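Residue-level listing of the chains:
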Amino acid sequence: MEPEVPAAGEALDALIHALHATHGLDISVYDQSFLRNTIDKQLTATGLKTVAAYAGRLAERRPEAETFYRSLRIGYSEFFRDPLAFALLEQTVLPELAAAKKQSGMGELRVWSAGCAAGQEVWSLAMLLDELTTAGERPLPYRIFATDVSEADLLLARAGQYNDAELGNVRSRHLRRCFARHGRSFTIVPRLRARVDFSAYDLLDKRSSSPQASIYGGFDLILCCNLLLYYKAQDRRSILDKLCGTLSPGGYLVTGGSEREIVAGHAGLGAVAAPAAVFRKRGKTT
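In this report, the structure presented in the accompanying data block is examined.

About the criteria used
- Residues numbered from 1 in each chain as written.
- Predicted model: local features only at pLDDT ≥ 70, side-chain atom pairs only at ≥ 80, totals over all residues.
- Heavy atoms only, no water.
- Helix = DSSP H or I, 4+ residues; strand = E, 2+ residues; numbered from the N terminus.
- Contact = heavy atoms within 4.5 Å.
- Phe/Tyr/Trp six-rings, centres within 6.5 Å; stacked < 30°, edge-to-face > 60°.
- Buried < 20%, exposed > 50% of the residue type's maximum accessible area, 1.4 Å probe, protein only.
- Pairing = 2+ DSSP bridges.

## Re the side chain of E259
Logical step 1: You can see E259 is positioned in the loop between strand 8 (247-255) and helix 11 (260-264).
Logical step 2: Contact partners of E259, with chain neighbours within four places excluded, come to C224, C225, N226, L227, L228 and L229.

In structure tokens, the structure reads:
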């Protein structure tokens, strides 16, 4: 009699348990469809036939387990990645926030880039804010808090150095104003660097509501793009609750376009302009 093959769900649970038990790596927060797709690619790459066999391999080989764990953290980004969302930010959201700050005299405009990867999103925002806030007679200070769980990505983001191919979406005026050229690479100028705080932060950390550097949250704008869809439903809710809780009244949240329906069901957030994945915190503004 042939041995019974575990059901797909049981085999996946066994892999999750094996990683945690042998190496202390927790992948239980990730959406199961995402996990299965990633594992299927690894089965093809390794020539293994079953999830159970791959689980055994990961349990025996810590370097391979760590490589698999890192592969689950999607770090891809590009400048002005979502043209529709960034157009809405440039033309409507940021000018409105800046005008409200100036009128109220309430200090700097505060932004959180949650899951900043290698920094393209952060510096895209900084370019728009630099252009907006330095116009007119009364410059408006701003601060961007940029976080990620990957120290390797944060190192790249802090460096702010990119090659020609990575700057295809950057306008020529922003390239002139916001970058210094060094041979075939371009580096973010000190003026923008001074406005950004980078730090490691896990959005699922239940001990804190916002990055330590921000002290209390109170963000006027949060970008959390192309991250929610990789997590389980309950963890998506936890992240959204945290983001909504740290937004100031009337503050804005921007997510990835494929996450629009995920955010649309949150009671504390209302869509701004479909089909852009831009939302505003419900409640009175100050």
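After presenting the structure, the write-up continues.
## As for the packing of aromatic side chains
Logical step 1: Following the criterion strictly, the structure yields 11 aromatic pairs and no others.
Logical step 2: Where Y54 meets F68, the ring centres are 5.7 Å apart and the plane angle is 85°; that geometry is what we call edge-to-face. Remark: F68 occurs in helix 4 (residues 62-71) and Y54 occurs in helix 3 (residues 51-60); sequence separation between them is 14 residues.
Logical step 3: A relative accessible area of 0% places Y54 in the buried class.

## Description of unusual backbone geometry
Logical step 1: Omega for the peptide link from A274 to P275 comes to 5°, which places this bond in the cis form.
Logical step 2: You can see P275 is positioned in the loop between strand 9 (269-271) and strand 10 (278-281).
Logical step 3: A positive phi is found at N226, a non-glycine position, where the angle reads about 55°.

## Observations regarding the pairing of strand 2 (residues 142-148)
Logical step 1: Within strand 2, seven of the seven residues are buried, which leaves it mostly tucked inside the rest of the structure.
Logical step 2: Where burial is concerned, the two faces of strand 2 agree: the one with Y142, I144, A146 and D148 and the one with R143, F145 and T147 are both buried.
Logical step 3: With six bridges joining them, strand 1 (residues 109-114) and strand 2 adopt parallel strand pairing. Directly across from R110, in strand 2, lies its bridge partner R143.
Logical step 4: Bridge count between strand 2 and strand 6 (residues 196-200): five bridges; the pairing is parallel. Bridged to D148 within strand 6 is A200.

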